[in-house]
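Breakdown of the fold
Single-letter residue listing:
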Amino acid sequence: MIELSICIGSACHLNGAHNVVATFQHLIESHNLHDKVSLKASFCMKECSNCGVSVKINGEEERISAEEARTFFKEKVLPLVS
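Definitions and cut-offs
Residues numbered from 1 in each chain as written. Predicted model: local features only at pLDDT ≥ 70, side-chain atom pairs only at ≥ 80, totals over all residues. Heavy atoms only, no water. Helix = DSSP H or I, 4+ residues; strand = E, 2+ residues; numbered from the N terminus. Buried < 20%, exposed > 50% of the residue type's maximum accessible area, 1.4 Å probe, protein only. Contact = heavy atoms within 4.5 Å. Expected span 1.5 Å × (residues − 1). Arc of directions from axis to C-beta. Salt bridge = Lys/Arg side-chain N within 4 Å of Asp/Glu carboxyl O.

On to the environment of Cys-7, then. Looking at where Cys-7 falls in the secondary structure, it is placed in strand β1 (residues 2-7). Residue Cys-7 is classed as buried on the basis of its relative accessible area, which comes to 2%. Sequence-wise, Cys-7 and His-18 are eleven residues apart; in three dimensions their C-alpha atoms are separated by 9.5 Å. With sequence-adjacent residues up to four places away left out, Cys-7 is seen in contact with Cys-12, Ala-17, Ser-42, Phe-43, Cys-44, Met-45, Val-53 and Ser-54.

What follows concerns helix α2 (residues 17-30). The end-to-end C-alpha distance of α2, which contains 14 residues, comes to 20 Å, matching closely the 20 Å that a straight helix rising 1.5 Å per residue would cover. Taken together, the buried positions of α2 are Ala-17, Val-20, Val-21, Thr-23, Phe-24, Leu-27 and Ile-28. End-on, the buried residues of α2 take up no more than an arc of 165°, which puts them together on one face. For α2, the exposed residues set more than 90 degrees away from the buried face come down to His-18 and Glu-29. Elements in contact with the buried residues of α2: β1, α1 (10-14), β2 (37-42), β3 (53-57), β4 (60-64) and α3 (69-81). At the exit of α2 stands Asn-32, carrying a positive phi of roughly 55°.

A few words on the pattern of salt bridges. Taken as a whole, this structure holds two salt bridges when the rule is applied. Put simply, Lys-40 and Glu-3 hold a salt bridge, and the shortest N to O gap is 3.5 Å. Of this pair, Lys-40 sits in strand β2 while Glu-3 is found in strand β1, placing the two residues 37 residues apart along the sequence.

Time to look at unusual backbone geometry. Backbone geometry at Asn-32 places phi at a positive 55°, although glycine is not the residue there. Counting through the fold element by element, Asn-32 comes out in the loop between α2 and β2. The phi dihedral of Asn-58 is positive, around 50°, even though this residue is not glycine. Judged by its relative accessible area of 46%, Asn-58 is partly exposed.

Shown next as structure tokens:
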């Protein structure tokens, strides 16, 4: 199972974490991946000084904007479930 964690701490919240979570939830549903992707919220990932929202996929952390969430999912998550 792929573990996808999104930081919902203060800085990430202000940078659009809610939109990232909502986008990932929608894409998991639309691709019927409930049994393959575990979506989790996480408090501070200690990257507050960097721009964007902290996202971990199988332990590997990246920073993305809310606008990049759909592309991130298609480029990073979908290949792992194929």
